[in-house]
Amino acid sequence: MDRFQDLKNKEVIDICDGKRLGFVCDVEVDICTGKIHAIIVPTGGFFRNNELVILWKNIRKIGDDIILVDINCDC
């Protein structure tokens, strides 16, 4: 993965229930290490400005078009 844009074009799906969570809109980066800490997916529709923050450790697989996550992971 070379750029943030590569993540932004991917749909996020929860592997527990197959629910489509949306598309990555932003990332949180650890400024000390330069590593991605979490991906951010907007939720709640057009007028509500809520975000789902998914920690990097909860990402199970990054494919060509989708990112599979386990948002209920207690790792």
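Keep in mind that what you see is a predicted model, and the values were worked out from it rather than measured. Within every chain, residues take consecutive numbers counted from 1 along the sequence as written. Since the coordinates come from a predicted model, pLDDT governs what is reported: local features require at least 70, and pairs of side-chain atoms require 80 or more to be given and counted, while whole-chain, interface and lining totals use all residues. Working from all heavy atoms in the structure, the side-chain values ignore hydrogens and water.

Draft legend 1. Local environment of the pattern of salt bridges. Salt bridges, as used here, are contacts in which a Lys or Arg side-chain nitrogen is within 4 Å of a carboxyl oxygen on Asp or Glu. Using the criterion set out here, one finds one salt bridge in the structure. Measuring nitrogen to oxygen at the nearest pair gives 3.2 Å for the salt bridge that ties E11 to R20. Partly exposed residues are those whose accessible area sits between 20% and 50% of the maximum for their type, while under 20% is buried and over 50% is exposed, using a 1.4 Å probe and protein chains only. By relative accessible area, which is 61% here, R20 ends up exposed.

Draft legend 2. Geometry of the side chain of D14. Mapped onto the secondary structure, D14 falls in strand 1 (residues 11–14). Positive charges are assigned to Lys and Arg, negative charges to Asp and Glu, while His and the chain termini are left out of the count. Among buried charged residues, D14 stands out as having no salt bridge; its nearest opposite-charge side chain is K19, 7.6 Å away. Any pair of N or O atoms that falls within 3.5 Å is considered a polar contact. Within protein, one atom must be able to donate a hydrogen and the other to accept it, and sequence-neighbouring residues count only if both atoms are side-chain atoms. Within polar-contact distance, the side chain of D14 engages the backbone nitrogen of C16 at 3.2 Å. In contact with D14, not counting residues within four places along its chain, are K19, L21, V69, D70, I71 and N72. Here a strand is any run of E in DSSP of at least two residues, a helix any run of H or I of at least four, and the numbering for each starts at the N terminus. What makes two residues a contact is simply this: any of their non-hydrogen atoms within 4.5 Å.

Draft legend 3. Layout of the environment of F4. With respect to the helices and strands, F4 occurs in helix 1 (residues 4–8). The exposure class assigned to F4 is partly exposed, which follows from its relative accessible area of 31%. As a C-alpha pair, F4 and D26 span 22 residues in sequence and 8.1 Å in three-dimensional space. Look past the residues within four positions of F4 in its chain and what remains in contact with it is V24, C25, D26 and V27.

Draft legend 4. Structural context of the nonpolar core. One finds L7, V12, L21, V24, V27, I39, V41, I54, I59, I67 and V69 forming the largest nonpolar core, which totals eleven residues. For this core, the secondary structure elements donating two or more residues are strand 4 (36–43) and strand 7 (66–69). In contact with V27, other than residues within four places in its own chain, are F4, L7, I36, A38, I39 and I40. What we call a nonpolar core is a set of buried Ala, Val, Leu, Ile, Met, Phe, Trp, Tyr and Cys residues that are connected through their side-chain atoms within 4.5 Å.

Draft legend 5. Quick peek at the sheet that holds strand 7. Two strands pair under a simple rule: DSSP has to find at least two bridges between them. With mixed pairing, four strands are arranged side by side in an open sheet as 2-1-7-6. Each of the sheet's edge strands pairs with one partner strand only, and the pair in question is strand 2 (20–23) and strand 6 (59–62). This sheet shows a mean twist of 20° between the axes of neighbouring strands, independent of strand direction. In this sheet, strand 7 lies alongside strand 1 in parallel orientation, the contact comprising four bridges. Note on strand 7: the bridge partner recorded for E11 is I66. As a rule, the C-alpha atoms of each element are fitted with a line to give its axis, helices using only the stretch in contact, and angles between N-to-C directions run from 0 to 180 degrees.

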